[in-house]
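Observations on chain architecture
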Amino acid sequence: MNIRDHFRIGVWENVKLGRNATLVALILIIGAIVAGPYFIASRWQHILIMWCLWSIAGISWLVILKVGEFSLCSAAFLCIGAYSSSVMTLKLGCPFWPALIAGGLISGIFALALGVVVFRLKGLYFLVITYLFAEMLRLGISLTGYLGGGTGLYGMPEPGNIGFITFSTKQGWFYLSFLLLLITAFTFRRVEASRIGRVYSYIGMAPDLAESLGVRIMKYKVQAFVLGGIFTGLAGVVMAHYFTGISPESFTLYPSLVTQLVAILGGVPYLVAGPVVGAIIYSAVDEYVAAISGLRPLIVGVLLVVIIFFMPQGIISRLRQLFGKGREAKS
Amino acid sequence: MALLKSTGLCKYFGGVHAVDEVDFEVEKGEKVGLIGPNGAGKTTLFNVITGFLRADSGIVEYKGNNIVGLRADQVAQMGIARTFQIPVQFRGQTVFENLLAGHIKEERKNFWHALFNTRDYREEQERARQKALEVLEFVGLADWKDRLVDVLPDGLRRFLSLGRVLMMSPELLLLDEPLAGLSEEEISALLSKLDELQGQGTTIFMIEHRMKAVMRFCPRIMVLNYGRKIAEGSPTEVKDDPVVINAYLGTREG
């Protein structure tokens, strides 16, 4: 027995938390989350907001990877969500909250329409066509005067205060993003733990075999795509109103790459935990690197190369290996 | 009425006639063997029947309904189960989870039930687990239940593939070389399982290269060569048929 085993057994397996202790811990954690934003610097508030939003988009991307396809259109879903709610609030005078829901739904509807077409293609062809869709959408918007053309839309209203939560400061945005992240995490945790996620993995792993068992591949692939579309769209809405301005330039290839980056950083075997871990690293690095703009793509690229080279299964898998709880332990 | 019947079935790949004007019938409860040299079109025939390939002409009737043009998953829904020549598995999942995959076509509770873990959904999943335990016992993989399928020995993968299709409660089993790579003991074990299934009313149609075993197991054999059916009959009839001997050994020169 080496030192690591002592650590593991000593700390995790011999300590039994009573029900009260668990409750106290839970209250402390919730308290920390609620009070936290008031005590930390504005810069870190921003990092935490971006952490939530990139986590949501990363999880949504990863669920599409789970059905075996590598998509390159997260930016398009962010874009659809952002533009839908911006147009609704700015041009139609709709309040923020219905616009938030609508942004997610419209993005989901686009995913449905796009999904039934693009899932006829596989592999590289799928990747390319999803990317082309994102680019077409971006160029289409920049040519449409009603949507602000190349300059974009500015001055999106912030939601009204809810009790002590104000959206004129970053605290409110943090609570909103964090709530969305919780909803996303709950949804996809259930997806992963239930038959739905199992079917997705079956399809991703061996599509012909799954089909021979009576699984309608197209249905489940489109379903995963729509799920991803809705949640990415919601993140897009929050981004647009948090930044109070969007332009076609916000939705280039870069945000699509970031959603993949956060998922791969954390580790693709973990549908929820992977992107959540990856996104906190990305958001922090990005915030401190963004100051030296111009270097941003370089540093993100280096980060990706290092991770893929040294821990291809991501950070979580690496940590579990270090503490002797790798996936192999399952067998 | 035959359970499965094809008339004038053709499948071409460019100029190659992979399946050429094949007519056959499989009666309910029968055990039929399909043999032929490599490249004879046996697997292609299975792929056409099960909807993985679309026939260029001809029809396949299952219980009197034409199933040409249906997708593979629709064919599976009708009660036709198939295994693959290479015993493909869902890697990274346990043996038990691999079995559960076979039950999906039986499950009716939709996305929302699964998402919110409703009582109906949980009951349905419980039934799937019960059935998987029975099947696990039947194919003799109980000791491997929670092991990853990646570590399962090759021989046992054939048993797992069989178990997975049994989860579908199929009426017709299309087995593509179920005995390939198995030892003598494993062959008799697998064949006795198949006999038991046939006793319960399952119809078995199998491609096989292990001649001794297939001749012993199937009372009726069909022979395919260059996409055409060249012989059909009892094992002894087929074995002594000069056309079949020619197909396997070639014509004697001079």
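Since we're looking at a predicted model, the values are computed, not measured. (Residues numbered from 1 in each chain as written. Chains lettered and ligands numbered in written order. Predicted model: local features only at pLDDT ≥ 70, side-chain atom pairs only at ≥ 80, totals over all residues. Heavy atoms only, no water.)

Looking only at helices and strands, chain A has 14 helices and 2 strands in total. Rg of the C-alpha trace for chain A: 21 Å, near the compact-globule value of 20 Å for 331 residues, within the 12% margin. In terms of principal-axis extent, the alpha carbons of chain A reach across some 70 × 55 × 40 Å. With the model as given, the accessible surface of chain A reaches about 15300 Å², and the carbon-plus-sulfur share is 71%. If you average the places of the 24 positive and of the 12 negative side-chain charges in chain A, the two averages end up 7 Å apart. (Helix = DSSP H or I, 4+ residues; strand = E, 2+ residues; numbered from the N terminus. Rg over C-alpha atoms; globule rule 2.2 N^0.38 Å. Areas by Shrake-Rupley, 256 points an atom, 1.4 Å probe, with all protein chains shown as cover. Lys, Arg positive; Asp, Glu negative; His and termini not counted. Charge placed at Lys NZ, Arg CZ, Asp CG, Glu CD.)

Along chain B, the regular secondary structure elements total 10 helices and 10 strands. Since a compact globule built from 254 residues should have a radius of gyration of about 18 Å, the 19 Å found for chain B is in line with a globular shape. Projected onto the principal axes, the alpha-carbon positions of chain B cover approximately 75 × 40 × 35 Å. When the 254 residues of chain B are sorted by exposure, 52% land in the buried category. Contacts in chain B between residues at least 24 apart in sequence constitute 67% of all its contacts with a sequence separation of at least 6. Element-wise, carbon and sulfur atoms account for 50% of the exposed surface of chain B, whose accessible area totals about 11400 Å². When the 32 positive and 36 negative side-chain charges of chain B are each reduced to one mean point, those points stand 3 Å apart. (Buried < 20%, exposed > 50% of the residue type's maximum accessible area, 1.4 Å probe, protein only. Contact = heavy atoms within 4.5 Å.)

All right, on to the packing of aromatic side chains then. The tally for this structure, following the rule as stated, stands at 25 aromatic pairs over all chains. The interplanar angle of 40° and the centroid separation of 5.2 Å between the aromatic rings of A:Tyr242 and A:Phe243 together place this pair among those described as tilted. Among the aromatic residues, those joined into a cluster by ring pairs are A:Phe96, A:Trp97, A:Phe167, A:Trp173, A:Tyr242 and A:Phe243. One cation-aromatic arrangement involves A:Lys91 over A:Tyr146; the distance from NZ or CZ to the ring centre is 4.6 Å. Positioned over the ring face of B:Phe138 is B:Lys193, at 5.5 Å from the centre of the ring. (Phe/Tyr/Trp six-rings, centres within 6.5 Å; stacked < 30°, edge-to-face > 60°. Lys NZ or Arg CZ within 6 Å of the ring centre and 35° of its normal.)

Moving on: the nonpolar core. Grouped together as the largest cluster of nonpolar side chains are 145 residues, with contacts concentrated most on A:Trp54, A:Phe225, B:Leu173 and B:Leu194. Per element, the largest residue contribution to this core is 15 residues, and it comes from helix H10 (residues 217–243) of chain A. Apart from residues lying up to four places away in sequence, A:Trp54 is in contact with A:Leu78, A:Met239, A:Pro255, A:Val258, A:Thr259, A:Val262, A:Ala279, A:Tyr282 and A:Ser283. The next biggest cluster of nonpolar side chains, apart from the first, holds 26 residues, and it includes B:Leu3, B:Phe24, B:Val26 and B:Leu224. (Core = buried A, V, L, I, M, F, W, Y, C linked by side-chain atoms within 4.5 Å.)

Here we take up the pairing of strand E2 (residues 16–26) of chain B. As a general feature of sheets, a regular strand has side chains that alternate between the two faces. Residue and element names in this part refer to chain B. Of the pairings in the sheet, the one linking strand E1 (residues 4–13) to E2 comprises 7 bridges and is antiparallel in character. By the bridge assignment for E2, leucine 4 is matched with valine 26. The hairpin formed by E1 and E2 contains 2 residues between the paired strands, and glycine 14 there has a positive phi angle of roughly 60°. (Pairing = 2+ DSSP bridges.)

Residue and element names in this part refer to chain B. What the 4 strands build is an open sheet, ordered E2-E1-E4-E5; its pairing is antiparallel. With one partner strand each, in any of the chains shown, E2 and strand E5 (65–66) form the two edges of the open sheet. Across 2 bridges, the pairing between strand E4 (residues 57–62) and E5 is antiparallel. Bridge pairing links glutamate 61 to asparagine 66 in E5. Where helix H1 (residues 42–49) meets the sheet, it contacts E1, E2 and E4, and its direction lies at approximately 115° from that of E1. (Axes fitted to C-alpha atoms, helices over the stretch in contact; angles between N-to-C directions.)

Facing the 25 residues of chain A at the interface are 36 residues of chain B. Regarding the contact of chain A and chain B, the summed buried area is about 2800 Å², with carbon and sulfur atoms giving 64% of it. For chain A, the biggest contributors to the area lost against chain B are A:Arg195, A:Tyr202 and A:Leu213; these three give 26% of the whole. On the surface where chain A and chain B come into contact, there are 2 salt bridges. A salt bridge links A:Arg195 to B:Glu124; the shortest N-O distance between them is 3.5 Å. Elements that contribute at least two residues to the side of chain A that touches chain B include exactly helix H7 (170–193), helix H8 (195–205), helix H9 (207–212) and H10 of chain A. Ranked by the residues each element gives to the side of chain A that touches chain B, the list is headed by H8(A), at 7 residues. In terms of residue class, the side of chain A that touches chain B is built from 11 nonpolar, 7 polar and 7 charged. (Buried area = accessible area lost by both parts, 1.4 Å probe. Salt bridge = Lys/Arg side-chain N within 4 Å of Asp/Glu carboxyl O. Nonpolar A, V, L, I, M, F, W, Y, C, P; charged D, E, K, R; others polar.)

Another aspect to go through is the environment of B:Ile187. Residues and elements named next belong to chain B. Tracing the sequence through the fold places isoleucine 187 in helix H7 (residues 184–199). Here the alpha-carbon distance between isoleucine 187 and arginine 210, two residues 23 residues apart in the chain, equals 9.6 Å. Leave out the neighbours within four places in its chain, and isoleucine 187 touches Leu179, Leu182, Arg210 and Ala213.

Our focus in this paragraph is the sheet that holds strand E10 (residues 228–233) of chain B. Across a sheet, strands are paired by hydrogen bonds formed along the backbone, either parallel or antiparallel in direction. Residue and element names in this part refer to chain B. Reading across from one edge, E6-E7-E8-E3-E9-E10 is the order of the 6 strands in this open sheet, with mixed pairing throughout. Each edge of the open sheet is held by one strand with a lone partner, namely strand E6 (80–82) and E10. Going across the sheet, the axis of each strand differs from the next one's by a mean of 20°, ignoring polarity. Strand direction decides the pairing type here: strand E3 (residues 31–35) and strand E9 (residues 220–225), joined by 4 bridges, are parallel. Opposite leucine 34, over in E9, you have methionine 222 as the bridge partner. The sheet strands contacting helix H6 (residues 154–166) are E6 and strand E7 (172–176), and the helix crosses E7 at an angle near 155°.

Residue and element names in this part refer to chain B. Negative charge collects at one region of the surface, where Glu21, Asp23, Glu25 and Glu27 lie side by side. Locating glutamate 27 in the fold gives a position in the loop between E2 and E3. Given the relative accessible area of 34%, glutamate 27 is considered partly exposed. (Patch = residues over 30% accessible without salt bridge, like charges linked within 9 Å, V, L, I, M, F, W, Y side chains within 5 Å.)

All names here are of chain B. With the rule as written, the count across this model stands at 19 salt bridges over all chains. The partner of aspartate 195 in a salt bridge is lysine 31, and the shortest N-O contact between them spans 2.7 Å. In this pair, aspartate 195 is assigned in helix H7 and lysine 31 in strand E3, connecting sequence segments 164 residues apart. Since its relative accessible area comes to 34%, aspartate 195 is described here as partly exposed. Overlapping salt bridges bring together Glu30, Arg220, Lys229 and Glu232 as one network.

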